[in-house]
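# Structure assessment
Read off the chains here:
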Amino acid sequence: QVYLRESGGGSVQVGGSLTLACATSGRTADSGALGWFRQGPGKEREFVAALHWNGGSPFYADSVKGRFTLTKDNAKNTVFLHMNNLKFEDTAVYYCAARPKGFYTDYSATDFGSWGRGTQVTVSS
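The text that follows walks through the structure, step by step, so that each part is easy to find. (Residues numbered from 1 in each chain as written. Predicted model: local features only at pLDDT ≥ 70, side-chain atom pairs only at ≥ 80, totals over all residues. Heavy atoms only, no water.)

## Quick look at the pairing of strand β5 (residues 46-52)
Quick reminder of the rule: For the exposure calls, accessible area comes from a 1.4 Å probe over protein chains only, and a residue counts as buried if that area is under 20% of its type's maximum, exposed if over 50%, partly exposed in between. Going along the chain from the N terminus, every DSSP run of H or I of four or more residues is numbered as a helix, and every run of E of two or more is numbered as a strand. Pairing between strands is defined by DSSP: at least two bridges between them are needed.
Most of β5 sits inside the fold, with five of its seven residues counted as buried. In this structure, the hairpin formed by strand β4 (residues 31-39) and β5 is closed by a connection of six residues, where G42 is found at a positive phi of approximately 70 degrees. With two bridges joining them, β5 and strand β6 (residues 59-60) adopt antiparallel strand pairing. Its bridge partner lying in β6, A49 is registered against Y60.

## Re the sheet that holds strand β3 (residues 18-26)
So the rule is basically this: Axis definition: a line fit to C-alpha positions, over the contact stretch in the case of helices; interaxial angles, taken between N-to-C directions, run 0 to 180 degrees.
If you walk across this open sheet you meet the four strands as β1-β3-β8-β7, and the pairing is antiparallel. Of all strands in the sheet, those bounded by a partner on one side alone are β1 (2-7) and β7 (68-73). Averaged over neighbouring strand pairs, the angle between their axes works out to 20 degrees when direction is ignored. Summarising the sheet, β7 and strand β8 (residues 78-83) pair through six bridges and their orientation is antiparallel. For T69, the partnering residue across the bridge sits in β8 and is H82.

## Topic: the nonpolar core
Our working rule: Working definition of a nonpolar core: buried Ala, Val, Leu, Ile, Met, Phe, Trp, Tyr and Cys residues. They are joined through side-chain atoms within 4.5 Å. The criterion used for residue contact is that any of the two residues' heavy atoms lie within 4.5 Å.
Among the nonpolar cores identified, the biggest contains 33 residues, and W36, L81, M83 and Y94 are the most heavily contacted of them. Where this core is concerned, the elements lending two or more residues are β1, β3, β4, β5, β7, β8, β9 (92-100) and β11 (119-124). When sequence neighbours within four positions are dropped, the list of residues in contact with L81 reads L18, T19, L20, W36, V48, A49, F68, T69, L70 and Y94.

## So, the pattern of salt bridges
Using the following cut-off: By definition here, a salt bridge exists when the distance from a side-chain nitrogen of Lys or Arg to a carboxyl oxygen of Asp or Glu is within 4 Å.
For the coordinates displayed, the defined rule picks out four salt bridges. With a shortest N-O distance of 2.8 Å, D90 and R38 are connected by a salt bridge. Here D90 is found in the loop between β8 and β9, whereas its partner R38 is found in strand β4, with 52 residues between them in sequence. According to the relative accessible area criterion, D90 is buried, its value standing at 0%. Among the residues examined, R38 registers a relative accessible area of 4% and is labelled buried. Across the pair R67 and D90 runs a salt bridge, and its minimum N-O distance is 2.7 Å. Here the residue R67 occupies a position in the loop between β6 and β7, and D90 occupies one in the loop between β8 and β9, the gap between them amounting to 23 residues. In this structure, a network of salt bridges that share partners links the residues R38, E46, R67 and D90.

## Structural notes on the side chain of S114
The line we're drawing: Any N or O atom pair separated by 3.5 Å or less is treated as a polar contact, with the protein-specific requirement of one donor-capable and one acceptor-capable atom, and with residues adjacent in sequence counted only for side-chain atom pairs.
Tracing the backbone through its elements, the reader meets S114 in strand β10 (residues 114-115). Among the residues examined, S114 registers a relative accessible area of 10% and is labelled buried. A distance of 3.3 Å separates a polar atom in the side chain of S114 from the backbone oxygen of V2.

Below, the structure is given as C-alpha cells:
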C-alpha cells in the first residue's frame, strides 16, 4: 500500500501561481508512476499530469501543458505540481495517485490504486 498526502492548495487569482506537493510513504518501491488528477465543480475527475519514478519526461494533459510542471524529490519521495498562469477552469480538488509498475497505454484513473484525500485549488478574479 502506498500512502499519499497532498498539500499546498488554496485560493489564488487568475494568472497566479501555486505549487502542490504530494508526499508518499509506505510501499513506494512498488509504485511505477505518480499522477495528478482533478475534479472541478460538477465535473468528472480528469487527468492532469504524471511522471515515472524511474525517469523519463513527465506527461501532461493538453489543458495544462505549458502552464503546469512536475518535479520530484526522490530523497523525500515527494512530487510537486507547479501551476502557473492559473485560470478559472483550473478550480478543482486536486488529487495525487500512485500506479503500480507495469505496462500501460494511457493514464486512466482506474489504473491508479492509491489516492490521497485531495487539496482544494480555487482560482478567482
